[in-house]
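Read off the chains here:
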Amino acid sequence: MSLDFQIFCKSTFEDTYSPRCFGEFFQFGQGAGDPTYLDWLITAWGWTIAVSTLALLIALVIGIAIGTLRTISNETVLSKVLIFFSNAWVELFRNIPVLVQVFLWYHVIPMLIPALKNFPSFLLVSIALGFFTSARIAEQMKAGIFSLPKGQRMAAQSLGMTKVQTYRYVLLPMAMRIVIPPLTSECMNIVKNSAVAFAVSVSELTLFAMQTQEETSKGIEMYLGVTALYIVTAFTVNRVMALIERKTRIPGFIAPSSQGSH
Amino acid sequence: MKPSKLVQVILFSTSLVGIVCATQAGTLEKITETKSITMGVRDSSGALSYTLGDGKYTGFHVEICKRVIADLEKKLKTSLKVEYQPVTSQNRIPLVQNGTVDLECGSTTNNATRQKDVSFAVTTYVEEVRIAVKADSNITSIAQLVNKKVATTTGTTSVQLLRKHERANGVNFEEIFGKDHADSFLLLESGRADAFVMDGSILAGNIANAKNPKDFKIVGEVLSVEPIAIMMRKDYPATFKTEVDNSIKAMMKDGTIAKMYKQWFQDPIPPKGNRVGLDLSDNTKNAWANPNDKPAEDYIKK
């Protein structure tokens, strides 16, 4: 079986091929032609990145907040309520499959809250994916904070720091550095999990592959193109996180570094 | 890798390709030799081809294929072991090409692109793309869908059809893509979409299975016509296709196929006893009166 990558230069309307492979998307000052499958592929990639980025922002903000709340000491009624809430959050979003959550946000919740009916499916799927991932990030944050020696918290409090100050200046700066490796996995997972968005009509890479393999009868080429873009995206995320890890590292601050500080 | 090694690898892989190609004898010889035939079937292609569970398959096209195989057995004077291989839209053509499936009895559109890779028996059913709306809707044609929410299913030619229609007429639909037909129908049912554009048999099947079939209706002009046919490997000479075609043509002539159409598209069908309730279209009637294997492109020119 031979592969025919020319198909990406084909117009999505006619049986013609664009000499530049790009139709309307990158015109190179030559005027708009028919959109090609390559144009469509790039647009689909844009949707994948958009869903992943928005979901990641939601997941990081909520995940870090919920994860931190799970580690506070339960002295007052308020802190007990907060701990209960954050535990419930994690258990709720961690125990429902992500595709089911996407359908819940798209089909069920708008029935209960009519205002959500006007939300574009792009937003709903980002919320669903963000909440799902936030539960996982929260779990990692909690583990990161608990991995610090008890003395850190005690030392901060004996210096007269408030609870907020203890977290802001002592615990979180260290815990955040510890959880960068598992966070890298989560950030890469969110790119791959964004494929569920096809189920609620976001024209991202998976939807592109499913649709174009039928239109062009060149499924293998289409899936190869999409796979390559997923790999590029996930690997870029991986490298960016590695860079962040390297830039924020403080030698001797957290024990195991690649140079072996002990 | 040293160049000599590279050459070795290339030689080895090309020789593998050679072996694979050499084993592709004619389909008729293959089934005579192995005394078995593999039928490609679909899990849920409306009344054309679907599963009853437990590895059992039935439907309009599956039953036609069973009769074709019975004719083949008479012709070859031997009994054939029939094996079922479930296929999907994605893998059906490669599986026919590589010899896994001998006779694909699903819901494959006969078009010019596919004719380059595989061959099709004479058209047994002509699909018409239509519009389904809620019974209380006042939409009656595609012209009224402008700026309305239109549901259709990812991975179908209807998506392309709508896109081309939009451009040809300079109009805009707000398309919503369901991940499968049941999902697209749910979009219509829940009011997220104003219309569902899809193959008539699928619309009719979904409406028949709905909680309240009276809530929906199929309206408007026929948006596109697609010949659906039984698919097989390309053979030179095409002895297998001749046998299959002759068997189907006989069914068309003596009215067997019309009886089968009534059985699958109008009478209650297993397992739940639902009715698809789709009247025989003029296009299908024509295909039976003048058996042919013309691709979809020839239907557009008319």
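Since this is a predicted model, take the numbers as computed values, not measurements.

## Focus on the overall build of chain A
Looking only at helices and strands, one finds nine helices and zero strands in chain A. Starting at the N terminus and walking to the C terminus, you meet the elements of chain A as α-α-α-α-α-α-α-α-α. Computed over C-alpha atoms, the radius of gyration of chain A comes to 23 Å, more than 25% over the 18 Å expected from 2.2 N^0.38 for 262 residues, which places it beyond the range of a compact globule. Burial statistics for chain A: of 262 residues in total, 32% are counted as buried. Counting only contacts in chain A whose residues sit at least 6 apart along the sequence, the fraction spanning at least 24 positions is 66%.

## With respect to the domain arrangement of chain B
Residue and element names in this part refer to chain B. As assigned here, chain B comprises domain 1 (26–126 + 227–301) and domain 2 (128–226). Each partner contributes residues to the interface: domain 1 has 17 residues there, and domain 2 has 12 residues. Where the side of domain 1 that touches domain 2 is concerned, the elements lending two or more residues are strand 12 (216–232) and helix 12 (296–301). Residue composition of the side of domain 1 that touches domain 2, by class: nine nonpolar, seven polar and one charged.

## Concerning the sheet that holds strand 2 (residues 44–45) of chain B
All names here are of chain B. The strand order 2-3-4 describes an open sheet built from three strands, whose pairing is antiparallel. In this open sheet, the two strands that pair with only one neighbour each are strand 2 and strand 4 (56–58). In this structure, strand 3 (residues 49–53) lies alongside strand 4, joined through three bridges in antiparallel fashion. Considered in strand 4, the bridge of glycine 53 is made with lysine 56.

## Examining the interface of chain A and chain B
Across the boundary between the two partners, chain A contributes 13 residues, which contact 17 residues of chain B. Sorting elements by how many residues they give to the side of chain A that touches chain B places helix 8 (residues 205–216) of chain A first, with six residues. Considering only residue class, the side of chain A that touches chain B consists of five nonpolar, six polar and two charged.

## What about the nonpolar core?
What tends to happen in soluble globular proteins is that the nonpolar side chains get buried as a cluster. Among the nonpolar cores identified, the biggest contains 120 residues, and Val125(A), Cys65(B), Ala132(B), Ala195(B), Phe196(B) and Ile230(B) are the most heavily contacted of them. At 12 residues, the largest contribution of residues to this core is made by helix 1 (residues 37–69) of chain A. Domain assignment of the residues forming this core places at least three in each of domain 1 (26–126 + 227–301) and domain 2 (128–226) of chain B. Setting aside its immediate chain neighbours within four residues, Val125(A) contacts Val51(A), Val102(A), Val196(A), Ala197(A), Val200(A) and Val202(A).

## A few points about the pairing of strand 10 (residues 174–178) of chain B
Residue and element names in this part refer to chain B. One ladder, built from five bridges, connects strand 9 (residues 149–153) with strand 10; its direction is parallel. Within the sheet, the bridge partner assigned to alanine 151 lies in strand 10 and is isoleucine 176. Handedness of the crossover joining strand 9 and strand 10 through helix 6 (residues 157–169) is recorded here as right-handed.

## Considering helix 4 (residues 121–146) of chain A
For helix 4 of chain A, spanning 26 residues, the distance from its first C-alpha to its last is 37 Å, which sits close to the expected 38 Å at 1.5 Å a residue. Helix 4 of chain A sits mainly inside the fold: 19 of its 26 residues count as buried.

Calculation notes
- Residues numbered from 1 in each chain as written.
- Chains lettered and ligands numbered in written order.
- Predicted model: local features only at pLDDT ≥ 70, side-chain atom pairs only at ≥ 80, totals over all residues.
- Helix = DSSP H or I, 4+ residues; strand = E, 2+ residues; numbered from the N terminus.
- Rg over C-alpha atoms; globule rule 2.2 N^0.38 Å.
- Buried ≥ 20, exposed ≤ 12 C-beta atoms within 10 Å, placed from the backbone.
- Contact = placed C-beta atoms within 7 Å.
- Domains from an automatic or database assignment.
- Nonpolar A, V, L, I, M, F, W, Y, C, P; charged D, E, K, R; others polar.
- Pairing = 2+ DSSP bridges.
- Core = buried A, V, L, I, M, F, W, Y, C linked by C-beta atoms within 7 Å.
- Right-handed = clockwise from strand over helix to strand, strands pointing away.
- Expected span 1.5 Å × (residues − 1).

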